[in-house]
Amino acid sequence: MSESKFSGTLNRLKKTAKAPSDPNPSNSTSPIKPPLTGHHRGKRSDPDWTNITILMRRTIKRDARRRLEDDGEGVDLSELIDRLLTDWLGRSGR
């Protein structure tokens, strides 16, 4: 039987796992990061946020994401839409 196309990657991962650890971990300059558990703390785990599906033109979505990225304020598309709808609801006076 021939080798898997992933056998090289698997062998590298096995070698990395067997590599000796830092003998002086307390002298390490990098901060200790908590292990990943599969769920991050964010909007998906926040009960105030809900997942919805909307239809939007591709060009609008692309342009909005690009501008949000260029602004560099850490706001994503869902936060922008939430802000715009909140403002709109505040103006409607109902």
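Residues numbered from 1 in each chain as written. Predicted model: local features only at pLDDT ≥ 70, side-chain atom pairs only at ≥ 80, totals over all residues. Heavy atoms only, no water.

Undergrad: Provide a residue-level description of the overall build of the chain, including the pertinent values.
TA: Each helix and strand counted, the chain has 3 helices and 0 strands in total. Taking all 94 residues of the chain together, 5% fall into the buried category. For the chain, the accessible area works out to roughly 9,900 Å², and carbon and sulfur atoms hold 54% of it. (Helix = DSSP H or I, 4+ residues; strand = E, 2+ residues; numbered from the N terminus. Buried < 20%, exposed > 50% of the residue type's maximum accessible area, 1.4 Å probe, protein only. Areas by Shrake-Rupley, 256 points an atom, 1.4 Å probe, with all protein chains shown as cover.)

Undergrad: Could you give an account of the packing of aromatic side chains, naming the residues involved and the relevant values?
TA: Ring pairs (aromatic) are described by centroid distance and by the angle formed between their planes. Summed over all chains, the structure comprises 0 aromatic pairs. A cation sits over an aromatic face here: Lys43 above Trp49, 5.2 Å from the ring centre. (Phe/Tyr/Trp six-rings, centres within 6.5 Å; stacked < 30°, edge-to-face > 60°. Lys NZ or Arg CZ within 6 Å of the ring centre and 35° of its normal.)

Undergrad: I'd like a description of helix 2 (residues 58-71), backed by residues and values.
TA: Look at helix 2: 20 Å from first C-alpha to last across 14 residues, which is about the 20 Å you get at 1.5 Å a residue. Gly72 lies just past helix 2 and shows a positive phi near 65 degrees. (Expected span 1.5 Å × (residues − 1).)

Undergrad: Can you tell me about the layout of surface pockets, naming the residues and giving the values?
TA: Considering only enclosed or pocket space, the largest pocket measures out at about 740 Å³ in volume. In this structure, the largest pocket is lined by 20 residues; those nearest its centre are Trp49, Thr50, Asn51, Ile52 and Ser78. Mapped onto the lining of the largest pocket, the elements with two or more residues apiece are helix 2 and helix 3 (77-92). In the lining of the largest pocket, the residues fall into 7 nonpolar, 6 polar and 7 charged. (1 Å grid on protein atoms, 1.4 Å probe; cavity = no way out; pocket = protein on both sides within 12 Å on 5 of 7 lines; lining within 4 Å. Points joined across faces, edges and corners; volume = space filled by probe spheres on them. Nonpolar A, V, L, I, M, F, W, Y, C, P; charged D, E, K, R; others polar.)

Undergrad: Please provide a residue-by-residue account of the pattern of salt bridges, values included.
TA: According to the stated counting rule, one finds 3 salt bridges in the structure shown. For Asp63, the salt bridge identified is with Arg62, shortest N-O distance 3.2 Å. By relative accessible area, Asp63 is classed as partly exposed at 40%. Counted as one network, the salt bridges with shared partners bring together Lys43, Asp76 and Glu79. (Salt bridge = Lys/Arg side-chain N within 4 Å of Asp/Glu carboxyl O.)

Undergrad: Explain a negative patch on the surface to me, using residue names and the numbers behind them.
TA: Residues Glu69, Asp70, Asp71 and Glu73 make up a contiguous surface patch of negative charge. By secondary structure assignment, the location of Asp70 is in helix 2. (Patch = residues over 30% accessible without salt bridge, like charges linked within 9 Å, V, L, I, M, F, W, Y side chains within 5 Å. Lys, Arg positive; Asp, Glu negative; His and termini not counted. Charge placed at Lys NZ, Arg CZ, Asp CG, Glu CD.)

Undergrad: Break down the confidence of the model for the chain for me, with residues and values.
TA: Averaged over the chain, the pLDDT score is 79; the fraction of residues at 70 or greater is 67%. Helix 2 holds the highest mean pLDDT among the elements of the chain, 95, whereas helix 1 (residues 7-18) holds the lowest, 72. (pLDDT = per-residue confidence, 0-100.)

Undergrad: Provide a residue-level description of the environment of Ala64, including the pertinent values.
TA: By the secondary structure assignment, Ala64 is in helix 2. Counting along the chain gives 12 residues from Ala64 to Asp76, while the straight-line C-alpha distance between them is 9.2 Å.

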